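Observations on the three-dimensional arrangement
What follows is the residue order along each chain.
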Amino acid sequence: MVYPLPHPDMKIKFLIYLVAVFGLLSISQNVHGADSAEQMLSRCAKTINSTPSISMKFVLSYDNLQIPCDITVSKNKYHLSSKDMQVWYDGNTQWTYLSGNQQLSISEPTTDELLESNPFAIVNHYSKAYTCKKAGSDIELIAKSRRAVIKKARITINPSTDLPTKVVITMSNGKELTASAGTVKKGPQVPSSTFIYSKKLYPAKEIVDLR
């Protein structure tokens with residue numbers, strides 16, 4: 001059963017965490033047992049940046065919440081959708097739409113903010129924000145900054161597919177989120193409009209412009 005989040009502001013924060021989880025999941029796409037954690041991350045970033053598009057289905061669990069999600073990514077652009085939310089990022093502007101109250105938030109994330117919200121910013125900038133190590137067949141990331149929203153992440157990898165099956169992240173407030181991966185697919189180039197908010201498809205009653 002999917003439970004709605006209790007408050008719009010909490011939904012926006014939860015969505016940021018959710019997108020960040022995908023970034024942590026995507027870190028482990030190309031894994032070979034003998035490689036160091038740093039080598040895994042570097043190779044993954046190279047693969048991500050050279051792939052026209054990647055789509056993924058996963059379920060995020062947090063307390064009693066279970067949220068199925070879909071995300072399509074093309075380099076530093078993405079579109080994420082769940083039952084209650086849609087988020088688009090075109091490389092500069094981010095739109096977050098809450099379907100329950102038809103609220104649209106618009107922002108231009110800084111580099112630091114992208115480490116929380118951009119699915120691949122964590123991959124491309126992990127050396128600045130996290131220390132990483134192998135923990136058995138898993139990868140463990142530990143935040144360097146005490147102010148980091150995501151303090152720690154442990155990623156479980158399926159050795160037969162070299163794809164992530166589970167990630168548990170610990171937030172700054174001590175809460176844990178678990179993401180369980182479903183399907184991950186590499187695809188062709190997608191239209192740029194995929195990553196831009198459409199007022200025709202998602203009419204907004206309230207617009208919060210944070211730019």
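Look above for the structure.
Residues numbered from 1 in each chain as written. Predicted model: local features only at pLDDT ≥ 70, side-chain atom pairs only at ≥ 80, totals over all residues. Heavy atoms only, no water.

Some words on the overall build of the protein chain
Within the protein chain, the regular secondary structure consists of five helices and 12 strands. Within the protein chain, the proportion of its 211 residues that are buried is 46%. In the protein chain, 53% of the contacts between residues at least 6 apart in sequence involve partners at least 24 apart. Working note: accessible area of the protein chain is about 10500 Å², and carbon and sulfur atoms make up 51% of it. (Helix = DSSP H or I, 4+ residues; strand = E, 2+ residues; numbered from the N terminus. Buried < 20%, exposed > 50% of the residue type's maximum accessible area, 1.4 Å probe, protein only. Contact = heavy atoms within 4.5 Å. Areas by Shrake-Rupley, 256 points an atom, 1.4 Å probe, with all protein chains shown as cover.)

Some details on the nonpolar core
Membership of the largest hydrophobic core comes to 30 residues, with the highest contact counts inside it found for I71 and I169. It is strand β2 (residues 65-74) that contributes the most residues to this core, five residues altogether. W88, Y97, I106 and Y197 belong to the second-largest nonpolar core, a separate cluster that totals six residues. (Core = buried A, V, L, I, M, F, W, Y, C linked by side-chain atoms within 4.5 Å.)

Digging into the side chain of S107
With respect to the helices, strands and loops of the structure, S107 is situated in strand β6 (residues 103-107). Sequence-distant contacts of S107, defined by excluding residues within four places in its chain, comprise N92, T93, Q94, L210 and R211.

Some details on the pattern of salt bridges
Enumeration according to the criterion identifies five salt bridges in this entry. A salt bridge links K175 to D63; the shortest N-O distance between them is 3.4 Å. Of the two residues, K175 sits in the loop between β10 (163-171) and β11 (176-187) while D63 sits in the loop between β1 (53-62) and β2, which places them 112 residues apart along the sequence. On the basis of relative accessibility, which here comes to 34%, the residue K175 falls in the partly exposed class. With a closest N to O distance of 3.8 Å, R154 and E140 form a salt bridge. One end of the pair, R154, is in strand β9 (residues 150-158); the other, E140, is in strand β8 (residues 138-143), and 14 residues separate them in sequence. Under the relative-accessibility criterion, E140 is labelled buried at 12%. Each of K133, E140 and R154 takes part in a single network of salt bridges with overlapping partners. (Salt bridge = Lys/Arg side-chain N within 4 Å of Asp/Glu carboxyl O.)

Notes on unusual backbone geometry
Even without being a glycine, Q102 presents a positive backbone phi close to 55°. Its place among the elements puts Q102 in the loop between β5 (94-98) and β6. With a relative accessible area of 21%, Q102 lands in the partly exposed category.

Looking at the environment of I207
The residue I207 is located in strand β12 (residues 206-209) in this model. Given the relative accessible area of 54%, I207 is considered exposed. Sequence separation between I207 and L104 is 103 residues; the distance between their C-alpha atoms is 4.8 Å. Setting aside residues up to four positions removed in sequence, I207 forms contacts with L104 and I106.

Examining the pairing of strand β7 (residues 130-135)
For β7 and β8, the ladder comprises six bridges, and the chain directions are antiparallel. Bridging from a neighbouring strand, C132 pairs with L141 of β8. Linkage of β7 to β8, two consecutive antiparallel strands, is achieved through a turn of two residues, within which G136 is found at a positive phi near 70°. (Pairing = 2+ DSSP bridges.)

Here's the deal with the pairing of β2
Across nine bridges, the pairing between β1 and β2 is antiparallel. In the sheet register, K57 faces β2, and the bridge partner there is D70. Linking β1 back to β2 in an antiparallel pair, the connection comprises two residues, with D63 at a positive phi of about 55°. In the sheet, β2 pairs with strand β3 (residues 77-81) via five bridges, with the strands oriented antiparallel. Its bridge partner being in β3, I71 is matched across the sheet by L80. Once β2 ends, the chain turns through two residues before running back antiparallel as β3, passing K75 with a positive phi of about 55°.

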